[in-house]
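Topology and contacts: notes
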Amino acid sequence: MGILAFFGEAALRASLLGTMGGIAAWALRRRGPEVQHAIWRIVLAGMLALPLLMTVLPPLAILPSSNVMTRAANAFSTIRFSPSIGISSGFISGLRNVTLESSVSLQRRNPFQWPMFALIVYAAVAALLLIRIASAWRRAKKATSAAARVSIGLLNELEYPRPEMRESAEVAVPFTLGCRNPIIVLPNTWRQWDDFKLRSVLVHELAHVHRGDWATALAAGTNRAVFWFHPLAWWLENRLASLAEEACDARALRLAGDPSSYARVVLEFAQAVAGTQVAVPTSMARTSKVGRRINSILEGRVSLSRAMHGFSWALMLAVAVPAVYGAGAFQLISVLTTPPSPYASMSHIDGVRAILADGWTLTPDEAAKLESEVGRDPENVAARIRLLSHYTQYMVLSELRSKHLLWLIEHHPDSDVFQLSTPVTAMAPDYSGVNSPDIERARILWLEQAERYATNTKVLANAATVFGASDGRIAFELLKRLRALEPQNPEWLDWLAEVYATAVRSSFANGNPRVRTVSSASKQTVHFPVNLPLIESRLLKSELESSSDAALVGSTADALLSEIAVLKTRFAADPEIQASEAFAKELHLRAQQLRSR
């Protein structure tokens, strides 16, 4: 998944999280600003954690697939076949006849890379917003450092923690800075305030300290920078600031008991900062909705409910944690149901010939038209496969080949086309270089799909087929997972047994066996060899000698004996074939003994 797609998916998940938070906030709307603020603080924490949760959490498949494409099935019916054309004739003719004019007519490259441009724009805006946060923090830190320490006796009468107090002629309103060692800065005119005003200000700012609003505001600003493209991030920052002020007003009013006098204090500070920029998020005049805030105070609409304590937080977190987990782990696509291709009903060799013929008979003009069709209808799978076949055989436009191959892996990793294991869908490098672009991207994408669809046997089988030619270790692990998912499915057992049989022969041959059998052209499913390093082949041979898996031991013996029987009719027996045959007979006897226990 590209980074833009990653953040796009994160935005969708954030919307789900915000919706759940909105429902909870509406249901508990009468519980006061403390509870409301706690709900949206949890949404903020979940939103910030989404990129990490999406990376580390195992997927939860909860929604039906969006890849059920009926028009893809209809498009497949337009494919033209010519099975009589073989693999070698297609490539040889292609080397002779492909012309420079054909290549040039197909080159409709767009030098402007929209994904990279979008990524640069995203990073630039995010960096700008983070720089603004850092700049505001530096200004506040500078003002705080220049402020003089003061001692206020009234603090001893208040119930909150007593942070360091300072005064400055550079500030117009009180504000709080810091989390671990918070500092409250007052205007140097605080000595001229009456007792009510000083007490109200101190209680309000101490409430910010007690509630940790400075850290919340900083997290909200960071979240806005990361998700600047999402309206929820901007709304959430403002909403948390408003609720924090309401909660602190509520604590001050519980102590002061004089709404009109307190409203006058708030109005004075609002007038003092009118037309200026407040550098910190926890000043007494932080919110821009001062008029609404004063009306709420005067009309008695500020809830005087008590602050949340341990049990309330535990109860809320017990509900919130599963919701955040679900938002980070759920999958929009749970089951892939890509329609079968026409090649699925053919024998393997006929399917290979058909897919190659469909690309080889494609003219440059027809390829250009198909590219236009794909642009209009990205789900035209048949067109993509024909274009893949064309670009592969004519060895042109490797970038377009990579584009279509990566799209097919990302959107239809369960397609039966991958089971044919033709050069059309290969990701291993070859002499022509047509497979070279984006090999690593294709590899990573297959690994991601194998994890995303960890229970989809079609996807795992396709990934095993693809990796069989390039990374035998991964292919072998995928085969073991397939058998664990469906232990009664003979296909996975047979395929795994073939890998063990190859490992046995490799062990006796001190590397790759000299001769191998040729798959039957009439077979519907062909399992391509999975080659492992010699040391691992020897380990698998040793594993068979002590294995208690009767089915695997017996199937490996059958695979070895079947392969050797064919080889003995075509080639003279050599020491490796004789040793492999003897070992297979031992395995056969061992399997019988295991079954009789």
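Residues numbered from 1 in each chain as written. Predicted model: local features only at pLDDT ≥ 70, side-chain atom pairs only at ≥ 80, totals over all residues. Heavy atoms only, no water.

**Points about the environment of V499**
Checked against the element boundaries, V499 lands in helix α20 (residues 490–509). Put simply, V499 and L540 are 41 residues apart on the chain and 9.2 Å apart in space, counted from C-alpha to C-alpha. Ignoring anything within four residues of it in the chain, the contact list for V499 reads F476, L479, V530 and L532. (Helix = DSSP H or I, 4+ residues; strand = E, 2+ residues; numbered from the N terminus. Contact = heavy atoms within 4.5 Å.)

**Examining the side chain of Q419**
Position of Q419 relative to the elements: it lies in the loop between α16 (398–411) and α17 (439–452). Side chain to side chain, Q419 and N462 meet in a polar contact 2.9 Å long. Contacts of Q419, omitting those with residues within four sequence positions, involve H348, A461, N462, T465 and F528. (Polar contact = N/O pair within 3.5 Å; in protein donor to acceptor, adjacent residues only side chain to side chain.)

**What to know about the nonpolar core**
If you look at the biggest cluster of nonpolar residues, it comprises 61 residues, and the most contacted ones within it are I355, W446, F467, L478 and L479. For this core, the leading source of residues is α20, giving nine residues. Beyond its immediate chain neighbours, meaning those up to four positions away, I355 contacts Y343, I385, S389, V417, L420, T422 and V424. Counting 32 residues, the second largest nonpolar core, distinct from the first, contains A14, L57, A126 and A320. (Core = buried A, V, L, I, M, F, W, Y, C linked by side-chain atoms within 4.5 Å. Buried < 20%, exposed > 50% of the residue type's maximum accessible area, 1.4 Å probe, protein only.)

**Focus on the sheet that holds strand β3 (residues 164–168)**
Spatial strand order, β2-β3-β5-β4: four strands in an open sheet with mixed pairing. Looking at the sheet topology across the chains shown, the edges are occupied by β2 (148–149) and β4 (175–177). Here helix α7 (residues 195–211) sits on the sheet in contact with β3, β4 and β5 (183–187), set at roughly 150 degrees to β5. (Pairing = 2+ DSSP bridges. Axes fitted to C-alpha atoms, helices over the stretch in contact; angles between N-to-C directions.)

**Observations concerning the pairing of β5**
Counting buried residues in β5 gives five out of five residues, a clear majority hidden from the surface. In terms of strand pairing, β3 meets β5 through five bridges, oriented parallel. If you follow E164 over to β5, its bridge partner there is I183. The hairpin formed by β4 and β5 contains five residues between the paired strands, and G178 there has a positive phi angle of roughly 100 degrees.

**Examining the packing of α20 against helix α23 (residues 575–596)**
Helix-helix packing is described using two parameters, namely the angle between the two axes and the distance between the axes. Interhelical geometry of α20 versus α23 gives an angle of 135 degrees and a closest axis separation of 9 Å. As summarised for this structure, α20 and α23 are arranged oblique, according to the angle between their axes. Along this stretch, α20 crosses α23, giving a crossing that reads as right-handed. For the pair α20 and α23, the contacting residues are V504, R505, F508 and A509 in the first and E576, I577, A579, S580 and F583 in the second. Here the residues of the contact of α20 with α23 sort into six nonpolar, one polar and two charged. (Parallel < 35°, antiparallel > 145°, perpendicular 65-115°, else oblique. Left-handed = near helix turned anticlockwise from the far one by under 90°. Nonpolar A, V, L, I, M, F, W, Y, C, P; charged D, E, K, R; others polar.)

**What about α20?**
Across its 20 residues, α20 extends 28 Å between first and last C-alpha, which sits within 8% of the 28 Å expected from 1.5 Å per residue. Counting buried positions over the 20 residues of α20 gives 14, a clear majority of the element. The residue sitting at the N-terminus of α20 and contributing the capping side-chain oxygen is N489; that oxygen lies 2.9 Å from the backbone nitrogen of E491. Looking one or two residues beyond α20, the residue adopting positive phi is N510, at roughly 55 degrees. (Expected span 1.5 Å × (residues − 1).)

**Observations regarding the pairing of β3**
Where burial is concerned, most of β3 is hidden: four out of the five residues are buried. Pairing geometry for β2 and β3, over two bridges, is antiparallel. For A148, the partnering residue across the bridge sits in β3 and is E167.

**Focus on the packing of aromatic side chains**
Working definition: an aromatic ring pair is given by the centre-to-centre distance plus the angle between the planes. For the coordinates displayed, the defined rule picks out ten aromatic pairs. Ring geometry for W228 against F229: centres 6.0 Å apart, planes inclined by 80 degrees, an arrangement best described as edge-to-face. Summarising the aromatic geometry, the rings of F418 and W446 are spaced 4.9 Å apart at their centres and angled 80 degrees between planes, so their arrangement reads as edge-to-face. Linking F418 in the loop between α16 and α17 with W446 in helix α17, this pair joins segments that are 28 residues apart in sequence. A relative accessible area of 1% means that F418 is categorised as buried. One aromatic cluster is present, built from ring pairs that chain together Y122, F227, W228 and F229. Positioned above the aromatic ring of W407, the side-chain terminus of R384 is 3.8 Å from the ring centre. (Phe/Tyr/Trp six-rings, centres within 6.5 Å; stacked < 30°, edge-to-face > 60°. Lys NZ or Arg CZ within 6 Å of the ring centre and 35° of its normal.)

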